[in-house]
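Next come the chains, spelled out residue by residue.
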Amino acid sequence: MKIAVLSCFYPYRGGISQFNACLCGELEKTHTVKAFNFKRQYPEFLFPGKTQYVTADDEAVPVQSEPLLDTANPFSYLSTLKAIRAWQPDLLIVRYWMSYFAPSLGYITRHMKKHCTVVSILDNVIPHEQHFFDKPFTRYFLKGSHGYVTLCEAVAGDLLRLKPDAEYRVIQHPLYSHFGQKTGREEAERRLGLQPGKKNILFFGLIREYKGLDILIDAFKGLGEGYQLIIAGEPYGSFEPYRKQIEESGCQDRIRTFLYYVRDSQVKDFFSAADVTVLPYRSATQSGISSVSYHFEVPMIVTDVGGMKETIGDRGTGILADSIGPEAIRRAVQHFFSDPQIAANCITEIRKEKERLSWGAFCRELIDFSCQLNNTIRK
């Protein structure tokens, strides 16, 4: 089968690009695949982080792609469409995670729908930080696909609220495996300059308001001297409110911050040092951080939002906080460390999930769903 994938690839950085690289790498084992990339993903003034692109310090694996789509230039929509159509794919896969991309991606999918099967992988249907135009833009985009893949039931629910007749399949986020293997805890702590002998709590990934870092810092204030909080990731927006919160916490000597985009080769140090990963999200669909935590066999503490319960709480790979707030997070942390058997049981369940959540399994189910759609279209 000839499969075109339209999304962001190297030299763009971040979880979406990493996912796409893994997806294409797996599909290429049994199909002919071509990656169609953005020429410009966002205008710089719209991007909240330091840079959209890999830097000299990053270790992202280059992926061959054709950079064509400029989301801010409608003339590029037509040229991208022509290039994809000229390649004559049997299947077009598109990633969708933000309504900003609806006009560009929707234009292409709506015109490609006559020529091949179109499947959209939906990271989000309703974004975490909402705007008045999200729903109409997303409805426009959704009309261009024959079917949809969501990574959790929560996103499937959002999809059905906007498009009740949608053909969809839920396929859970596969595990990232390109970060290397876990190293010794003492070695990781030494490389990161952490205090040894502490109970290490990890908050990892891009720092955004909906991810609840402020909740975790407040929760940490009530924990004893034996605990250490590790905050690792690039802030999207100002970190100053969090910095002030840390300074006023009275335990800033046990809170370590690494405020930058973490290179692939450094990821293993943070997860090798961690006892538990905490995701105190105010809202969520699914989280790529949970896939990284699975890879390194680090249990998680999560809030009951979006797909977090189904992917973690229901499967026994971590602990579900009973509400969204500092007290609930603190109780969950204390419960996790109250008995070593809790962590051991979580790790046992994580190992079962690692066998299930491979890229091969994800791609087989994706192709099966695409063939099912194609059979329906031809009837």
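The structure presented is a predicted model; accordingly, all values stated were derived computationally and were not measured.

Visitor: Is there a simple way to think about the pairing of strand 2 (residues 32-40) in this case?
Guide: Side chains on a regular strand alternate between the two faces of the sheet. Sheet topology places strand 1 (residues 2-6) next to strand 2; five bridges connect them, and they run parallel. Counterpart to L6 in the pairing with strand 2 is F36. Between the parallel elements strand 1 and strand 2, the chain passes through helix 1 (residues 15-27) in a crossover that is right-handed. Bridge analysis of strand 2 against strand 3 (residues 66-70) gives four bridges, and the strand direction is parallel. For F38, the partnering residue across the bridge sits in strand 3 and is L69.

Visitor: In this structure, what is going on with the packing of helix 7 (residues 213-221) against helix 12 (residues 326-338)? I would like to understand it.
Guide: For any two helices packed against each other, the geometry comes down to the angle between their axes and how far apart the axes lie. The geometry of helix 7 relative to helix 12 is characterised by a closest axis approach of 8 Å and an angle of 60 degrees between their N-to-C directions. With respect to each other, helix 7 and helix 12 are oriented oblique. Taken as a pair, helix 7 and helix 12 cross one another with a handedness that is right-handed. Residue-level contacts link I215, L216, D218 and A219 of helix 7 to P326, I329 and R330 of helix 12. The residue inventory of the contact of helix 7 with helix 12, partitioned by class, reads five nonpolar, no polar and two charged.

Visitor: Looking at this model, I keep getting lost on the sheet that holds strand 11 (residues 276-279). Mind explaining?
Guide: Pairing between the strands of a sheet comes from backbone hydrogen bonds, and it takes one of two forms, parallel or antiparallel. Strand order across the open sheet formed by six strands is 10-9-8-11-12-13, with parallel pairing between neighbours. Unpaired on one side and paired on the other, strand 10 (255-258) and strand 13 (318-320) mark the two borders of the sheet. Each strand of the sheet is rotated relative to its neighbour by a mean of 20 degrees, with strand direction disregarded. Contacting strand 8 (199-204), strand 9 (227-232), strand 10 and strand 11, helix 7 runs over the sheet at an angle of about 165 degrees to strand 9.

Visitor: Explain the nonpolar core here, please?
Guide: Among the nonpolar cores identified, the biggest contains 55 residues, and L23, I93, F204, F270, F271 and F362 are the most heavily contacted of them. Each residue touching I93, except ones within four places of it in the same chain, is listed here: I3, A4, V5, L6, L23, L27, V119, I121 and L366. In terms of nonpolar packing, the next biggest core, distinct from the first, is built from 36 residues, A4, L6, F36 and F141 among them.

Visitor: Could you clarify how one ought to interpret the sheet that holds strand 5 (residues 117-122) in this entry?
Guide: Pairing is parallel in the open sheet, where seven strands are placed in the order 3-2-1-4-5-6-7. The open sheet has two free edges, formed respectively by strand 3 and strand 7 (168-170), since each of these has just one partner strand. With strand direction ignored, the average angle separating the axes of adjacent strands in the sheet is 25 degrees. Most of the contacts of helix 14 (residues 359-378) go to strand 5, to which it runs at about 140 degrees, and overall it touches strand 1, strand 4 (91-96), strand 5, strand 6 (147-150) and strand 7.

Visitor: For this particular structure, what's the right way to read the packing of helix 1 against helix 14?
Guide: Two elements in contact, helix 1 and helix 14, have axes whose closest approach is 9 Å; the angle formed by their N-to-C orientations is 75 degrees. Viewed along their axes, helix 1 and helix 14 adopt a mutual orientation that is roughly perpendicular. Of the residues in helix 14, those touching helix 1 at F19, C22, L23, E26 and L27 are W359, G360, F362, C363, L366 and I367. Taken together, the residues of the contact of helix 1 with helix 14 sort by class into nine nonpolar, one polar and one charged.

Visitor: Help me understand the packing of aromatic side chains in this model?
Guide: Two measures describe an aromatic ring pair: the distance that separates the ring centres and the angle between the ring planes. This model, assessed by the stated rule, comprises 18 aromatic pairs. Pairing F38 with F101 gives two aromatic rings, centres 5.4 Å apart and planes at 45 degrees, and the pair type is tilted. Of this pair, F38 sits in strand 2 while F101 is found in the loop between strand 4 and helix 3 (102-112), placing the two residues 63 residues apart along the sequence. Residue F101 is classed as buried on the basis of its relative accessible area of 0%. One cation-aromatic arrangement involves K2 over W87; the distance from NZ or CZ to the ring centre is 4.5 Å.

Visitor: What is the right way to look at the pattern of salt bridges in this model?
Guide: Two side chains that carry opposite charge are able to pair once their charged atoms sit near each other. This model, assessed by the stated rule, comprises 21 salt bridges. Of the charged contacts in the structure, one is a salt bridge between R185 and D275, with a shortest N-O distance of 2.9 Å. Of the two residues, R185 sits in helix 6 (residues 185-192) while D275 sits in the loop between helix 9 (264-273) and strand 11, which places them 90 residues apart along the sequence. Residue classification places R185 among the partly exposed positions, given a relative accessible area of 28%. For D275, a relative accessible area of 23% gives the class partly exposed. Here R282 makes a salt bridge to D214, at a shortest N to O gap of 2.6 Å.

Visitor: I'm lost on the state of the cysteines in this one. Help?
Guide: Covalently bonding the sulfur atom of one cysteine to the sulfur atom of another cysteine gives a disulfide. Taken as a whole and judged by the stated rule, the model has zero disulfides. Lacking any disulfide linkage, C22 is separated from the closest cysteine sulfur, that of C363, by 9.5 Å.

Visitor: Can you help me understand the pairing of strand 4 in this one?
Guide: Among the six residues in strand 4, six count as buried, and that is most of the element. Here strand 4 shows a buried face lined by L91, I93 and R95 and a second buried face lined by L92, V94 and Y96. Looking at chain direction, strand 1 and strand 4 are connected through four bridges and run parallel. Within strand 4, the position partnered with I3 by the bridge is L91. As paired strands, strand 4 and strand 5 are joined by six bridges and run parallel to one another. From the neighbouring strand, Y96 faces strand 5, where its bridge partner is L122.

Visitor: I tried to follow the environment of L69 on my own but got confused; where do I start?
Guide: Considering the arrangement of structural elements, one finds L69 in strand 3. Through-space distance from the C-alpha of L69 to that of L373 is 26 Å; in sequence the pair is 304 residues apart.

Here is what the cut-offs are and how they apply
Residues numbered from 1 in each chain as written. Predicted model: local features only at pLDDT ≥ 70, side-chain atom pairs only at ≥ 80, totals over all residues. Heavy atoms only, no water. Pairing = 2+ DSSP bridges. Helix = DSSP H or I, 4+ residues; strand = E, 2+ residues; numbered from the N terminus. Right-handed = clockwise from strand over helix to strand, strands pointing away. Axes fitted to C-alpha atoms, helices over the stretch in contact; angles between N-to-C directions. Parallel < 35°, antiparallel > 145°, perpendicular 65-115°, else oblique. Left-handed = near helix turned anticlockwise from the far one by under 90°. Contact = heavy atoms within 4.5 Å. Nonpolar A, V, L, I, M, F, W, Y, C, P; charged D, E, K, R; others polar. Core = buried A, V, L, I, M, F, W, Y, C linked by side-chain atoms within 4.5 Å. Buried < 20%, exposed > 50% of the residue type's maximum accessible area, 1.4 Å probe, protein only. Phe/Tyr/Trp six-rings, centres within 6.5 Å; stacked < 30°, edge-to-face > 60°. Lys NZ or Arg CZ within 6 Å of the ring centre and 35° of its normal. Salt bridge = Lys/Arg side-chain N within 4 Å of Asp/Glu carboxyl O. Disulfide = S-S within 2.5 Å.

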